[in-house]
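Chain and residue survey
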Amino acid sequence: MGNNPMERPEKFPGIKHNEKSIIFTYQNKTVKLELFAPQTIHLSIYGKEPPRKSFAVIESPMVIPEEAVKENDGEVVLKLHTGTFTFNYNNATFLFNPSGKNNPQSLSMESMSVEDTSISALFGIHGARNFYGLGEKTLPYNKYGTSCVMWNSDFPAYSVYHDPLYESIPFLLKADTHGAYGLFMDNPSRSTFDIGKSNPDIIKYQADAGTLEIYLVTGNSPAGVIEAFANLTGKMPMPPIWALGYQQSRWSYYPEERVLKLAKDFREKNIPCDVIYLDIDYMNGYRCFTWSPENFPRPKEMLDKLHADGFKVVTIIDPGIKKDSSYGVYKSGMKEGIFLRKKDGHFYVGQVWPGDCVFPDFLNEKTRDWWGREYGALVRDGVDGFWNDMNEPSVFNNQKKTFPPDVVHKLDDGSLVSHNEVHNVYGMEMARGTREGLGRLEPEKRPFVLTRANYAGGQRFSAMWTGDNFASFAHLKLALEMYLNIGVSGQPFVGSDVGGFVGSPGPELFTRWLELGVFTPLFRTHSVIDSKPREPWAFGEEYEHINRQIIERRYMLLPEIYTAFHNSSQTGLPIIMPLYLSFPEDNKAYDISDEFIFGSKFLVAPVLDSGVTSRSVYLPDGKWFNFYDGKTFNSGWHVVNAPLGMTPIFVKEGSIVFEQNVVPSTATPSDTLIVSIFKSDSSEGSVYFDDGKSTSYRSGEFTSMLVKYRLADGSENIVFEFDGKYHPHYKIIKFRLLKEGKGVTREIFLTDRFGKVSHYTTKPGQTGTLEFAIPFSLSIKKISIK
Ligand code: MIG
């Protein structure tokens, strides 16, 4: 806690109302209150130095409605939809009614202190016990009772309790059946959150530098809070569809012949794959933006071949630029004056893979522009996407393994700040420079950037992965818990190294991790330099067969996965979601971290333990179908079979699921869209299509298809509604209706939007499923089944 909690004044000495802020001043401190749409309250508390522009927040404050503000003696009361917020100089009470509940929730600020070397605040949590988010953190899943640090750090082979790690998102979500709120403490210096650990009813926040920036994010459900946080800090832009395919990486695939052989093996073995990654050995002496002349003498030809075979290639790029006066990138950076210097004016030199390196100041726009241009050479060779590593930043040659505090950044507004004050945004700003540069180099293409270090708001620039994890079942379980918490922290595009980076998984662990991978937004196998082979066929024929089927499932589910990405890009909600986001009224949903909701239709219960072929599954309210055989389940606990390769997947009754037939990669369009109707009297579902690569969807080149199934008076109808004008590549649309009697033949009447009727007859159903196929077109209007 700070040394000098402020004294409570008798009365407010000075309150100034502006259109978009209310400013209190007392002694030498200022408190600024702002509102962000829809209902986020921002309190900024500072001394002599005013706050710096946020790296995370992209929204502008809104006009504070006059009628919402009341000034009583010594306090200001703000009345909003979600509740009443009372502020007096030393204390703030946030009182609000989540989900329109009668008993108000409260979060109170008990005290705060803003001094030069320490910023702190104490929040009373009034009995709340469920806290999530905080980005990339290890165990436990519920952050109540723990204390953790925000300081981007490279820690290879981290344990399942290690803290801090590569990225920092200081956003905490409180969620339970009483309601939800978010607390975003926007400060990129080193900070700590003690959530009921030292005092069971207090969150203790402390930061080393900067100002106290408190955002109280309210909403009428946990999902509403996350959406509001996404309004504040931005949403993930749609990635190219190839980035949703299966991706194969290792440290490192080289030389060229080995990369080409890898690609050939995937195609010959009929295992779908979209992306091959090149780790640091593709470079010439680890010099960024170069190719090793021995290992990759003809990069353009190699990339042409890979492209012709349906592969995309992602190369790694680290921030350290080799200090070498004959190296073009170093020379150009020197000329532009964009490398970081220390307080004494000398360049900061740190050691990484290339030896002595200088580092670009990504917090400065001129540097980011320069950095973006440097990608030109690799982009012209045909590299499709980029992987930004080591950007915590990580250096080898000092005890703290990062930049020392006397490194000085120059921000866009020209101000100079010590590295310590902005450490946690270095990686995000690197990814930002990468993404924006790629956008300028090829404006018509959607960039793909993957980063290791990140901060709140980083979803706008890149996907992220959970760094150097370990090949163990404990890490498999941790990976899922991390996805769930990173997702509710605003970053949907997340993944971990399938199989675990350090170590070598046995066949069972690798297969189980692939099973989780099917539903992981970023589905990438990656491993450390000395690990055993980790291709899907590396564990013998029996496993190769299972692994192929698992990866095929990812490709069959692509229409759903792509739609889930699209929805997430619109709402900011996670793609892989904790149960409580869909079932906020269900108490049990808050404790379950080994099941998840994917998109909006699937409940997935992956196997995360070794040596088991069944597991218990909790199904929330409603009726559920086993995705594989259509067997129905009621809500509650069930023990279900889960042999290797068969992740238990359930579909909520009334859903319509869209799949396609298997393709070798997203470069080959699938010709058949498969629509499965998990019947109740009325089912519906929608699916989203666009070209998967360009930005034309922003100008209307997309199609959203809503399918409704209705059973009325014993007659069955399927009705279609289209929004948009993009024509997807499917030629055939195949329907599967569950729960039909066996051996029945049905008549199908298809009416198009011009009123033309076509007639089809189904084959007799063998398995209790009614199946039929018709030509796909955007003019389908209605299908009647007689
Ligand atoms: O010091 O580029 O997390 O994915 O394979 C290690 C080599 C540097 C760390 C990354 C890992 C990558 C490795 N890198």
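Computed from a predicted structure; not experimentally measured.

Moving on, we come to the pairing of strand β42 (residues 649–652). In regular strands, side chains alternate between the two faces of the sheet. Relative to β42, strand β37 (residues 602–604) runs antiparallel, the two sharing three bridges. Residue L603 lies in a different strand from β42, and its bridge partner there is F650. Summarising the sheet, strand β39 (residues 624–626) and β42 pair through three bridges and their orientation is antiparallel. Across the sheet, F625 pairs through a bridge with V651, a residue of β42.

Looking now at the packing of aromatic side chains. If you walk through the whole model with that rule in mind, you get 56 aromatic pairs. Seen in terms of ring centroids, F36 and Y215 are 5.8 Å apart; in terms of plane orientation they differ by 55°. Their pairing is tilted. Of this pair, F36 sits in strand β3 (residues 29–36) while Y215 sits in strand β18 (residues 212–218); the two residues are 179 residues apart in sequence, bridging distant segments of the chain. A relative accessible area of 3% places F36 in the buried class.

Next up on the list: the sheet that holds strand β23 (residues 341–342). The sheet built from three strands is open, its strands ordered β23-β27-β28 with antiparallel pairing. Of all the strands in the sheet, just β23 and β28 (416–418) have a single pairing partner and so form its edges. Strand direction decides the pairing type here: β23 and strand β27 (residues 407–410), joined by two bridges, are antiparallel. Looking across to β27, one finds that K342 is bridged to V407.

Turning next to unusual backbone geometry. Going from A37 to P38, the amide bond is cis rather than trans, its omega being -5°. Examined against the element boundaries, P38 turns out to sit in the loop between β3 and β4 (40–46). Following W251, the chain continues to S252 via a peptide bond in cis, the omega torsion being -10°. Of note in this structure, F289 is not a glycine but carries a positive phi near 65°. For F289, the position within the fold is in the loop between β20 (275–278) and α3 (299–308).

On to helix α2 (residues 256–268). Taking 1.5 Å of rise per residue, the 13 residues of α2 would be expected to cover 18 Å, and the 18 Å separating its terminal C-alpha atoms lies within 8% of that figure. Each element contacted by the buried residues of α2 is listed here: β19 (247–248), β20 and α3. Following α2 by one or two positions, N270 adopts a phi angle in the positive range, close to 55°.

The ligand sits among 13 residues. The nearest are D279, D389, R452, D468 and H526. Take R452: an N or O atom from its side chain is 2.8 Å from an oxygen atom of the ligand. A distance of 2.5 Å is found between an oxygen atom of the ligand and a side-chain nitrogen or oxygen belonging to D468. The fraction of the free accessible surface of the ligand (350 Å²) that becomes covered by protein chains is 95%. Tallied by class, residues from the shell around the ligand come to eight nonpolar, one polar and four charged.

The next subject is the pattern of salt bridges. Tallied over the full model, the rule gives 37 salt bridges. With a shortest N-O distance of 3.0 Å, D176 and K174 are connected by a salt bridge. A relative accessible area of 11% means that D176 is categorised as buried. Overall, the relative accessible area of 1% leaves K174 in the buried class. Connected via shared salt-bridge partners are D154, D389, E392, R452 and D468.

Counting residues in each nonpolar core, the largest one holds 176 residues, and the members touching the most others are F184, I317, F448 and Y580. Of all the elements, helix α9 (residues 473–488) adds the most residues to this core, at ten residues. By size, the runner-up hydrophobic cluster in this structure holds 41 residues, among which are V114, F123, M185 and Y205.

How each quantity is defined
Residues numbered from 1 in each chain as written. Predicted model: local features only at pLDDT ≥ 70, side-chain atom pairs only at ≥ 80, totals over all residues. Heavy atoms only, no water. Pairing = 2+ DSSP bridges. Helix = DSSP H or I, 4+ residues; strand = E, 2+ residues; numbered from the N terminus. Phe/Tyr/Trp six-rings, centres within 6.5 Å; stacked < 30°, edge-to-face > 60°. Buried < 20%, exposed > 50% of the residue type's maximum accessible area, 1.4 Å probe, protein only. Expected span 1.5 Å × (residues − 1). Contact = heavy atoms within 4.5 Å. Near = heavy atom within 4 Å. Polar contact = N/O pair within 3.5 Å; in protein donor to acceptor, adjacent residues only side chain to side chain. Areas by Shrake-Rupley, 256 points an atom, 1.4 Å probe, with all protein chains shown as cover. Nonpolar A, V, L, I, M, F, W, Y, C, P; charged D, E, K, R; others polar. Salt bridge = Lys/Arg side-chain N within 4 Å of Asp/Glu carboxyl O. Core = buried A, V, L, I, M, F, W, Y, C linked by side-chain atoms within 4.5 Å.

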